[in-house]
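As a plain string of letters, each chain reads:
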Amino acid sequence: MSDNKVIRLIIKRKNDVNSPSYEETFEIPYRKNMNVISALMEIRRNPVNANGEETTPVAWDASCLEEVCGACSMVINGEARQSCTALIDQLEQPVRLEPMSTFPVVRDLLIDRSRMFESLKKVKAWIPIDGTYDLGPGPRMAEPKRQWAYELSKCMTCGVCLEACPNVNSKSDFMGPAPLSQVRLFNSHPTGEMNKAERLNTIMDDGGITDCGNSQNCVEVCPKGIPLTTSIASLNRETTIQSFKDFFGSDKI
Amino acid sequence: MSTNREFFYRKLHSLLGVIPIGAFLVVHLLVNYQAVYGVERYNQATQFMTSLPFVYVLEIFLIYLPILFHGIYGLYIAFQARHNTTTYGTFRNWMFRFQRITGVITIIFIAWHVWDTRVQAMLGAEVNYQMVADIVANPLALILYIIGIVAAVFHFANGLWAFAVTWGITVTPRSQVISTYVTLGIFVVITFVGVRAILAFV
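Small disclaimer: the values here were computed from a predicted structure and weren't measured. (Residues numbered from 1 in each chain as written. Chains lettered and ligands numbered in written order. Predicted model: local features only at pLDDT ≥ 70, side-chain atom pairs only at ≥ 80, totals over all residues. Heavy atoms only, no water.)

## What to know about the pattern of salt bridges
Residue and element names in this part refer to chain A. Under the defined criterion, the tally for this structure stands at 15 salt bridges over all chains. Between Arg-13 and Glu-24 there is a salt bridge, with its nearest N and O atoms 2.7 Å apart. Separated by eleven residues along the polypeptide, Arg-13 in strand β1 (residues 6-14) and Glu-24 in strand β2 (residues 21-29) bring together distant segments of the chain. Like Glu-24, Arg-13 is buried. The partner of Arg-45 in a salt bridge is Glu-42, with the nearest N and O atoms 2.8 Å apart. Of this pair, Arg-45 and Glu-42 are both found in helix α1 (residues 36-45), three residues apart, which corresponds to roughly one turn of the helix. Among the residues examined, Arg-45 registers a relative accessible area of 63% and is labelled exposed. Three or more residues are tied together by salt bridges with common partners; here these are Arg-13, Glu-24, Arg-107 and Asp-108. (Salt bridge = Lys/Arg side-chain N within 4 Å of Asp/Glu carboxyl O. Helix = DSSP H or I, 4+ residues; strand = E, 2+ residues; numbered from the N terminus. Buried < 20%, exposed > 50% of the residue type's maximum accessible area, 1.4 Å probe, protein only.)

## Side note on the domain arrangement of chain A
Residues and elements named next belong to chain A. One can read the domain layout of chain A as domain 1 (6-111) and domain 2 (114-249). One C-alpha centre belongs to domain 1, the other to domain 2; they are set 31 Å apart. Listed per partner, the contact involves 13 residues of domain 1 and eleven residues of domain 2. When domain 1 packs against domain 2, the two sides together hide about 970 Å² of surface, and 55% of this comes from carbon and sulfur. Contact with domain 2 buries area across many residues of domain 1, yet Glu-67, Thr-102 and Phe-103 alone supply 47% of it, more than any other trio. If you look at where domain 1 meets domain 2, you find one salt bridge. Across the pair Lys-224 and Glu-67 runs a salt bridge, and its minimum N-O distance is 3.3 Å. Across the domain 1-domain 2 interface, the total number found is four residue pairs in polar contact (both at pLDDT 80 or more). (Domains from an automatic or database assignment. Contact = heavy atoms within 4.5 Å. Buried area = accessible area lost by both parts, 1.4 Å probe. Polar contact = N/O pair within 3.5 Å; in protein donor to acceptor, adjacent residues only side chain to side chain.)

## A short note on the pairing of strand β4 (residues 79-82) of chain A
Residue and element names in this part refer to chain A. Side chains of β4 alternate between two faces, with Ala-80 and Gln-82 buried and Glu-79 and Arg-81 left unburied. For strand β3 (residues 73-76) and β4, the ladder comprises four bridges, and the chain directions are antiparallel. Looking at β4, one finds that Ile-76 is bridged to Glu-79. Connecting β3 to the next strand, β4, in antiparallel fashion are two residues, including Asn-77 with a positive phi near 50°. (Pairing = 2+ DSSP bridges.)

## Things to note about the interface of chain B and chain A
With 31 residues of chain B in contact, the opposing surface of chain A contributes 41 residues. Both sides of the chain B and chain A interface together cover about 2,900 Å² of buried area, and 48% of this is carbon and sulfur. Ranking the residues of chain B by area buried against chain A places B:Phe7, B:Arg82 and B:Tyr88 at the top, with a combined share of 24%. Taken together, the connections running from chain B to chain A amount to one salt bridge. Taking the shortest distance from any N to any O, the salt bridge between A:Asp211 and B:Arg10 comes out at 3.6 Å. Along the contact surface separating chain B from chain A lie 15 residue pairs in polar contact (both at pLDDT 80 or more).

## Looking at the sheet that holds β4(A)
Residues and elements named next belong to chain A. Strand order in the open sheet made by the five strands is β2-β1-β5-β3-β4, with mixed pairing throughout. Of all strands in the sheet, those with a lone pairing partner are β2 and β4, marking the two edges. The sheet shows a mean angle of 30° between the axes of neighbouring strands, taken without regard to direction. In this structure, β1 lies alongside β2, joined through nine bridges in antiparallel fashion. For Arg-8, the partnering residue across the bridge sits in β2 and is Glu-27. Running over the sheet, α1 touches β1, β2, β3 and β5 (95-98) and is turned about 95° from β2. (Axes fitted to C-alpha atoms, helices over the stretch in contact; angles between N-to-C directions.)

## Some points on the side chain of A:Thr230
Tracing the sequence through the fold places A:Thr230 in helix α8 (residues 228-249). For A:Thr230, a relative accessible area of 12% gives the class buried. Aside from chain neighbours lying at most four places away, what touches A:Thr230 is A:Arg184, B:Val171, B:Thr172 and B:Pro173.

## Structural notes on the UniProt feature "transmembrane region" (unreviewed entry) in chain B
Residues and elements named next belong to chain B. Those residues carrying the UniProt feature "transmembrane region" (unreviewed entry) are residues 12-33, 53-77, 98-115, 135-157 and 178-199 in this numbering. Annotated as 100% helix and 0% strand, the span residues 98-115 places its first and last C-alpha atoms 25 Å apart. Spanning residues 178-199, this segment combines 100% helix with 0% strand, and its end C-alpha atoms are found 32 Å apart. (UniProt positions renumbered as here; feature names shortened; annotations may be inferred.)

## Focus on the packing of helix α4 (residues 91-122) of chain B against helix α6 (residues 139-166) of chain B
The axes of two packed helices give the description: the angle between them and the distance between them. Residue and element names in this part refer to chain B. In contact at an axis separation of 7 Å, α4 and α6 are set at 130° when each is read in the N-to-C sense. With respect to α6, the axis of α4 lies oblique. Along this stretch, α4 crosses α6, giving a crossing that reads as left-handed. When the residues that make up the contact of α4 with α6 are grouped by side-chain class, the tally is 14 nonpolar, nine polar and two charged. (Parallel < 35°, antiparallel > 145°, perpendicular 65-115°, else oblique. Left-handed = near helix turned anticlockwise from the far one by under 90°. Nonpolar A, V, L, I, M, F, W, Y, C, P; charged D, E, K, R; others polar.)

In structure tokens:
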């Protein structure tokens, strides 16, 4: 029945950071319920391209395989998404795989997302509770607020919003929607709020919130459905107020 | 303002687009619209505008400098974008693209328009109905004027939408949808005023 059915994959490859990219086509035997990851695993098992030539296995990144880690993002048939939840049965063939263009390519489909992690460090996307003595319990968080904040906490730093944003590119140093929304998350936490002004001032720096051009692609593509544009608009309000406080002089916090 | 310089420039860029440039655009098009009621009415209106006290100070600080800053900084912003409407063809992404296209058209148009009118006035020409009628007597110039006016009005109307987001006025998706309709209405109304006015010179 499905014995001789094949899946055709056209993969944009690159041997290392400095070498040019090229396309390679693969034909692999069809199995039921495959996703892009299992197709790539099949190529790794038997690295032979569609011309029957022996080649190097395709490099890619993956970790959780359940769309919560964000590591396996790539451009599949023109759309940036996670390869673990991209089911072969639902994809048009040939399946075209490319690395996301916003990030430096390490090899093949493997990209370096460190710019996002650097941005998270820059905005201090955490709750600072470390100290030399026990600080005791923090303030309570209201349950409805916790539920609301949980939605923002679903961000997995997958990079799809940066890939879709026309203002995140080599000509600009815009940090992109994901780290901005994390500022909103940590500024709404009762303990995180204690560093609110500091985080706002960070995103008011170059490459921060004002580089947003409101194309609103981010909210359309976010695989976790995070209200990114609402976060940005809300932070626009917060930073506007903060800038007035900073300039005209009021309590900075 | 040692740090946060970009924040200040971007906010200033956004503010200047509405006050004074947007306000000036509306006043300008309304003055033009006087031509619909006849040559005399139009000449009276321009007479009033050009005989305002401190007119050079007003022109420099409320018109020329804001437009220069908004235009030059705007070009820098416009050419930073890497457009991707083929992949992400949503309404807002197209608006994002049109905002940049119309901005570039508008600044080119304004340069030509200022040359044709203000610079000629400084060289001794009189600003009146006849001056504009002479310009748009050429059908190509009329078409370019209409394109310039529509581009400027679009850039202003859509810019109002972005202004509301940039300053944190419209935060929720619902308020942003409603302001889309409101600014669309503003675009239609002011485009009518602008285009109807220029046709009165034909």
